[in-house]
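Report on the structure
Given next are the chains, with one letter for each unit.
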Amino acid sequence: MTEVLFYHLTESRLEDALPPLLEKSLERGWRVVVQTGSEERRDALDQHLWTFRDESFLPHGTDMSAQPDKQPVLICTTPGNANSAQVRFLVDGAEPSGLYDYERAVFIFDGHDQQQVETARAHWKALKGEGHSLTYWQQTQDRRWEKKA
């Protein structure tokens, strides 16, 4: 079964929380796919990951890039796995599909967006029913992750 993690943003934006999680995934030797809810969000994250911190480099591309299969981090809007990733991040209410192909699936949702909260709850219920191992993490006031369930 795929290990499924839910990350509940309460103190920061996706743009602040996602890059360190991607870096940790790459440090573990995993290839990553990030599925967004829209092309606009895909393109905004693509631009952000090039500039989020001066002293770092996070290699990535989008599903519109040449050779998406070569990207260690691939940002897309569809459920495919063009870069043979072991980890799938789903953001902005992106719909999961085929999570059995991954070691880990990570849902990141904005606690200030009621639609995203409701979507995350629905995904939790469905994935629990499928027998996945689920954990729920919430941000503390100092922006650290605390395991709640």
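To be clear, the structure that these remarks concern was listed above.
Residues numbered from 1 in each chain as written. Predicted model: local features only at pLDDT ≥ 70, side-chain atom pairs only at ≥ 80, totals over all residues. Heavy atoms only, no water.

A few points about the sheet that holds strand E6 (residues 104–110)
Pairing in this open sheet of 8 strands is mixed, and the strands run E3-E4-E2-E5-E6-E1-E7-E8 from one edge to the other. Both outer strands of the open sheet, strand E3 (61–62) and strand E8 (145–147), are each paired with one neighbouring strand and no more. Along the sheet face, helix H3 (residues 114–129) touches strand E1 (3–9), E6 and strand E7 (133–139) and points at about 155° away from the line of E6. (Pairing = 2+ DSSP bridges. Helix = DSSP H or I, 4+ residues; strand = E, 2+ residues; numbered from the N terminus. Contact = heavy atoms within 4.5 Å. Axes fitted to C-alpha atoms, helices over the stretch in contact; angles between N-to-C directions.)

Looking at the pairing of E6
In the case of a regular strand, side chains alternate between the two sheet surfaces. The buried fraction of E6 is high, at 6 of 7 residues. In the sheet, E1 pairs with E6 via 7 bridges, with the strands oriented parallel. Residue Tyr7 lies in a different strand from E6, and its bridge partner there is Ile108. Pairing of strand E5 (residues 87–91) with E6 involves 5 bridges; the strand directions are parallel. Residue pairing in the sheet places Arg88 in a bridge with Ala105 of E6. (Buried < 20%, exposed > 50% of the residue type's maximum accessible area, 1.4 Å probe, protein only.)

Points about the nonpolar core
Soluble, globular proteins show a tendency: their nonpolar side chains are buried together. By size, the foremost hydrophobic cluster in this structure holds 21 residues, and its most contacted members are Leu18, Leu22, Val34, Phe89 and Ile108. Of all the elements in the fold, those that place two or more residues in this core are E1, helix H1 (14–27), strand E2 (32–35), helix H2 (39–51), strand E4 (73–76), E5 and E6. It is H1 that contributes the most residues to this core, 5 residues altogether. Each residue touching Ile108, except ones within four places of it in the same chain, is listed here: Tyr7, Leu9, Leu14, Leu18, Leu21, Phe89, Leu90, Val91, Asp92 and Gln116. Counting 18 residues, the second-largest nonpolar core is a separate cluster that includes Leu90, Ala105, Phe109 and Val117. (Core = buried A, V, L, I, M, F, W, Y, C linked by side-chain atoms within 4.5 Å.)

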